Each structure stands twice: as C-alpha cells, then as structure tokens.
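Here is what each chain is made of, one letter per residue.
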Amino acid sequence: MKIVTDKTPKVDIDSILTADEIVGIKEYIHHYPQPRAAVLDALKLVQRRNGWIDDAQLNAIANMLSIPAADVEGVATFFNRIYRMPVGRHVILLCDSIACYLTGFEAIESEFKRQLGIDYGQTTPDGRFTLLPICCLGNCDKGTSVLIDEDTYGSVTPADVSLLLEQYL
C-alpha cells in the first residue's frame, strides 16, 4: 500500500511532462480563478499521452498547480476514467446500472469476458483491451450500453460484441 502525504516531492517538470502538456496546463491554470480547479483538466491532458497517469506525472501536475500530490491523487482516484495504472490501447466500460442490468447486462458481460479472455480490471495479453465496469453511462433508454474509448454503443446484444471488438484493431 502506498502512503500518501501532503509533502509533494519537487520534480523536474520539463523532464516528465511534454512541452505541449506544460503549455496546456498553464492555459488551464489561467482559465480558472484558482490553480487547484485545473486538476481534472490537467490529469485528462497528461493521460492522453500514455493512457494513464504515473506517480511522476501526478507529482509534476501537483508541482505546477502548487498543491499537495495527495490532493491530485484524490481527484485522480475519484474519477473512474482517470487511470493510475497501465490500461490497454482501448478501454471498454460495461454499464452495470440497474437499467442495463434489466436489459441483458449479464449476457453482454459474459460475452466480452469470453471473447477477450479477461476479467474486470485486466488487459488482454496483446495490450489491446482493458475491461472495466462503470455504474452508469447515462444511456439508460438504450441499455445495454457499452463505452469503448469515447464511443458509446446502446442496445448491445451478445451478437454485437465481436463486431464491436473488430472496430478497434
């Protein structure tokens, strides 16, 4: 278990973040009345590069925003689409809300797990997919819903799973 303190290690931001990330975070800082408000935007910006946020990147963001790393970690772990460990090139989020559950979630869940050969929180051996549950996609009128990267699919059936996966080669 990692112990998080209010002491944020000073890091060489230029060696951890790209020039574009630094510029982008500075723009977010100026957009908000307090730098702290830019945490989520900064996390999303940095995550675009590798698909997840490592400890060094988290500390660099904290340094740029002049806030404790523990505060940045709190935001990163609160939002389920900020990843603190490596994920596949494509992240599949299966909605397990009651609306989707009633429209066939269990069959879709089983089919994704069967075809991918993984369980929740795992990544396929080729690094292509990570499978995760999500409590709601806000697509309740079209359950069962699935989000792959930024693409939402509704009324998904088990027969659709292989077609969906083929789109993300």
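If you're wondering where the values come from, they're calculated on a predicted model, not measured in any experiment.

(A) Spotlight on the pairing of strand S1 (residues 90–95). Burial runs high along S1: six of the six residues are buried. Both S1 and strand S2 (residues 129–134) contribute to a ladder of six bridges, which runs parallel. By the bridge assignment for S2, Leu 94 is matched with Pro 133. Sheet topology note: the S1/strand S3 (residues 146–148) ladder contains three bridges and is antiparallel. Paired with Leu 94 across the strands is Val 146, a residue of S3.

(B) Representation of the environment of Lys 26. On the secondary structure map, Lys 26 appears in helix H2 (residues 19–31). Between the alpha carbons of Lys 26 and Asp 141 there is a distance of 40 Å; along the sequence they are 115 residues apart.

(C) The arrangement of unusual backbone geometry in detail. Of note, the amide linkage connecting Gly 143 to Thr 144 takes the cis form, showing an omega dihedral of 0°. Residue position: Thr 144 is located in the loop between S2 and S3. For Ser 66, which is not glycine, the phi dihedral falls at a positive 55°. Its location among the elements puts Ser 66 in the loop between helix H4 (55–65) and helix H5 (69–78). Positive phi values are uncommon outside glycine, yet Asp 149 reaches one of about 55°. Of note, Asp 149 is situated in the loop between S3 and strand S4 (151–153).

(D) Representation of the pattern of salt bridges in the model. If you walk through the whole model with that rule in mind, you get nine salt bridges. In this structure, Asp 55 and Arg 84 form a salt bridge, with 2.6 Å as the shortest nitrogen-oxygen distance. Taken as a pair, Asp 55 in helix H4 and Arg 84 in the loop between H5 and S1 lie far apart in primary sequence, 29 residues in all. Between Asp 141 and Lys 142 there is a salt bridge; the shortest N-O distance is 3.2 Å. In this structure Lys 142 comes out as partly exposed when scored by relative accessible area, which is 38%. Taken together, the salt bridges that share partners define one network made up of Asp 55, Glu 73 and Arg 84.

(E) Summary view of the sheet that holds S3. If you walk across this open sheet you meet the four strands as S2-S1-S3-S4, and the pairing is mixed. Edge positions in the sheet fall to S2 and S4, since each of these pairs with one other strand and no more. With strand direction ignored, the average angle separating the axes of adjacent strands in the sheet is 20°. Strand direction decides the pairing type here: S3 and S4, joined by three bridges, are antiparallel.

(F) Structural detail: the packing of aromatic side chains. Counting across every chain of the model gives two aromatic pairs. Here the aromatic rings of Phe 78 and Phe 79 are separated by 5.0 Å at their centres, their planes lie at 85°, and the arrangement is edge-to-face. For Phe 79, a relative accessible area of 35% corresponds to the partly exposed category.

(G) Structural view of helix H3 (residues 39–50). Given a rise of 1.5 Å per residue, twelve residues ought to cover 16 Å, and the 18 Å separating the end C-alpha atoms of H3 matches this to within 8%. Among the residues of H3, those classed as buried are Val 39, Asp 41, Ala 42, Leu 43, Leu 45, Val 46 and Gln 47. Residues of H3 that are buried make contact with H2, H4 and H5.

(H) Representation of the environment of Thr 152. With respect to the helices and strands, the residue Thr 152 is situated in strand S4. The class for Thr 152 is partly exposed, based on a relative accessible area of 45%. Taking the C-alpha atoms as reference points, Thr 152 and Ile 61, 91 residues apart in sequence, are found 30 Å from one another. The residues touching Thr 152, leaving out its near neighbours within four places in the chain, are Asn 139, Val 146 and Leu 147.

Parameters at a glance
Residues numbered from 1 in each chain as written. Predicted model: local features only at pLDDT ≥ 70, side-chain atom pairs only at ≥ 80, totals over all residues. Heavy atoms only, no water. Buried < 20%, exposed > 50% of the residue type's maximum accessible area, 1.4 Å probe, protein only. Helix = DSSP H or I, 4+ residues; strand = E, 2+ residues; numbered from the N terminus. Pairing = 2+ DSSP bridges. Salt bridge = Lys/Arg side-chain N within 4 Å of Asp/Glu carboxyl O. Axes fitted to C-alpha atoms, helices over the stretch in contact; angles between N-to-C directions. Phe/Tyr/Trp six-rings, centres within 6.5 Å; stacked < 30°, edge-to-face > 60°. Expected span 1.5 Å × (residues − 1). Contact = heavy atoms within 4.5 Å.

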